[in-house]
Amino acid sequence: MTPAVAPAEPDAPAEPDASAEPVVVRPRRRGRTALLIACAAVLGVVAGTCTGYLIQADRKPTTLPSLSQPTLGRAKGDAPEPLSAAQDRQVKVDGDLRKLLVKKPAGAKDAPWLSSDGWMDLAEYAASYEKPGTMFGNLVSDEFRRAAVTGWTVGNHQTTEIYLVQYRQQQSLEAADSSDNGQYWAAKKAGTDSWPVPGTGSGMVYVHTRPETKVGYMPVYGAEAHAYRGDVALEIWMYDTRPIPKAKIMDLAKRQMERL
């Protein structure tokens, strides 16, 4: 699988109107590269294994311990009660995933470029990447199940988007891979600071201190968060014409992960 990252860019006018207020363009996400990294790791393991066999061939055989082991007794007492629906996390994430998304803050407006019903199908989600066709095939092989999304705008230039992307995970742990991929690309951007999200294991937030620039458009600062829990990967994308504080995206990432 290969790294995840930012929402679809709206159609831009051929020539910006000089008399109008400058437009903010949200960057598209980068494609995935983790598969290439994994292949390199596998080749390294194979080379190491071959070296190990050559070394071991010159050593004397080691006496192995007996295969017989003492019989373990069965635990006494009643079997534990099954978890209730309220306690079973899998019941929660198999329900309406949209209900687990954080609510938009007071005074914010819904992001008009996102799905109005809060769902994104495979094609819509793939379209938010730089190479939608390639991503579509990757997501099929990665066992993409569904994605719930919410987003809002504050003022004229501040936008926030949150994605909960769920995978079937019958063949591999794709939610973890997706989070790793997003973190890989986030960390590669120049001028990026990062911090772990408490209580998430490997979750991270990233604040990009250098804006993305495009002729005719306002410079855009970004911040993002990537984490996962079980079969659900979390992506948060924030954009503004001013630098985004660490506390802002960290608070949002912690509150969203607490709901999963």
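Here, the structure is the one placed above.
This structure is a prediction, so every number in the text was calculated from the model and none was measured.

The computed volume of the largest pocket comes to approximately 320 Å³. Surrounding the largest pocket, 16 residues form its lining, D110, G118, V149, T150 and G151 being those nearest its centre. No other element matches the three residues that strand β3 (residues 144–154) contributes to the lining of the largest pocket. Of the residues in the lining of the largest pocket, the class split is five nonpolar, five polar and six charged.

Counting 27 residues, the largest nonpolar core has I162, L164, I236 and I249 as its most contacted members. At the level of elements, β3, β4 (158–167), β6 (204–212), β7 (220–229), β8 (232–240) and α6 (246–258) are the ones that each hand at least two residues to this core. Setting aside its immediate chain neighbours within four residues, L164 contacts L97, L100, L101, R146, A147, A148, V232, A233, L234, Q256 and L260. In terms of nonpolar packing, the next biggest core, distinct from the first, is built from 20 residues, M120, F144, Y167 and Y239 among them.

Bringing the pattern of salt bridges into the picture now. Pairing between side chains of opposite charge can happen when the charged atoms of each approach one another. As enumerated under the stated definition, the model contains six salt bridges in all. Ionic pairing is found between E224 and K189, a salt bridge with its closest N-O pair at 3.7 Å. Pair noted here: E224 is in strand β7 and K189 is in the loop between α5 (174–188) and β5 (192–196), with a separation of 35 residues, a long-range link. The network of salt bridges with shared partners includes K189, E212 and E224.

Spanning 13 residues, α6 covers 18 Å between terminal C-alpha atoms, matching the ideal 18 Å at 1.5 Å per step. Check the buried side of α6 and you find it contacts β3, β4, β5, β6, β7 and β8.

By the bridge criterion, five bridges tie β5 to β6 in an arrangement that is antiparallel. When the sheet's bridge partners are listed, P196 is paired in β6 with M204. Bridge analysis of β6 against β7 gives six bridges, and the strand direction is antiparallel. Residue pairing for β7: V207 is matched across the bridge by A223.

What follows deals with unusual backbone geometry. Here E143, not a glycine, exhibits a phi torsion of approximately 65°, which is positive. Relative to the assigned elements, E143 resides in the loop between α4 (132–141) and β3. The backbone phi angle of Q169 is positive, close to 60°, even though this residue is not glycine. Examined against the element boundaries, Q169 turns out to sit in the loop between β4 and α5.

A separate point is a positive patch on the surface. On the surface, K92, K99, K103 and R259 cluster together into a positively charged patch. As for its position among the elements, K99 is in the loop between α2 (89–93) and β1 (109–110).

Centre distance and the angle of the planes are the two values used to describe a pair of aromatic rings. Summed over all chains, the structure comprises five aromatic pairs. Ring centres of Y125 and Y129 lie 5.6 Å apart, and the angle between their planes is 75°; on these two criteria the pair is classed as edge-to-face. The exposure classification of Y125 matches that of Y129, with both residues buried. Here a set of aromatic residues connected by ring pairs shows up, and it is made of Y125, Y129, F144, Y163 and Y167.

For the rest of this paragraph, the subject is the environment of Q169. Separated by 24 residues in sequence, Q169 and R145 have C-alpha atoms that sit 9.1 Å apart. Residues contacting Q169, with those up to four places away along its chain left out, are E143, E174, A175, A176, G230 and D231. Side-chain polar atoms of Q169 contact the backbone nitrogen of E174, separated by 3.2 Å. Within polar-contact distance, the side chain of Q169 engages the backbone nitrogen of A175 at 3.0 Å.

Analysis parameters
- Residues numbered from 1 in each chain as written.
- Predicted model: local features only at pLDDT ≥ 70, side-chain atom pairs only at ≥ 80, totals over all residues.
- Heavy atoms only, no water.
- 1 Å grid on protein atoms, 1.4 Å probe; cavity = no way out; pocket = protein on both sides within 12 Å on 5 of 7 lines; lining within 4 Å.
- Points joined across faces, edges and corners; volume = space filled by probe spheres on them.
- Helix = DSSP H or I, 4+ residues; strand = E, 2+ residues; numbered from the N terminus.
- Nonpolar A, V, L, I, M, F, W, Y, C, P; charged D, E, K, R; others polar.
- Core = buried A, V, L, I, M, F, W, Y, C linked by side-chain atoms within 4.5 Å.
- Buried < 20%, exposed > 50% of the residue type's maximum accessible area, 1.4 Å probe, protein only.
- Contact = heavy atoms within 4.5 Å.
- Salt bridge = Lys/Arg side-chain N within 4 Å of Asp/Glu carboxyl O.
- Expected span 1.5 Å × (residues − 1).
- Pairing = 2+ DSSP bridges.
- Patch = residues over 30% accessible without salt bridge, like charges linked within 9 Å, V, L, I, M, F, W, Y side chains within 5 Å.
- Areas by Shrake-Rupley, 256 points an atom, 1.4 Å probe, with all protein chains shown as cover.
- Lys, Arg positive; Asp, Glu negative; His and termini not counted.
- Charge placed at Lys NZ, Arg CZ, Asp CG, Glu CD.
- Phe/Tyr/Trp six-rings, centres within 6.5 Å; stacked < 30°, edge-to-face > 60°.
- Polar contact = N/O pair within 3.5 Å; in protein donor to acceptor, adjacent residues only side chain to side chain.

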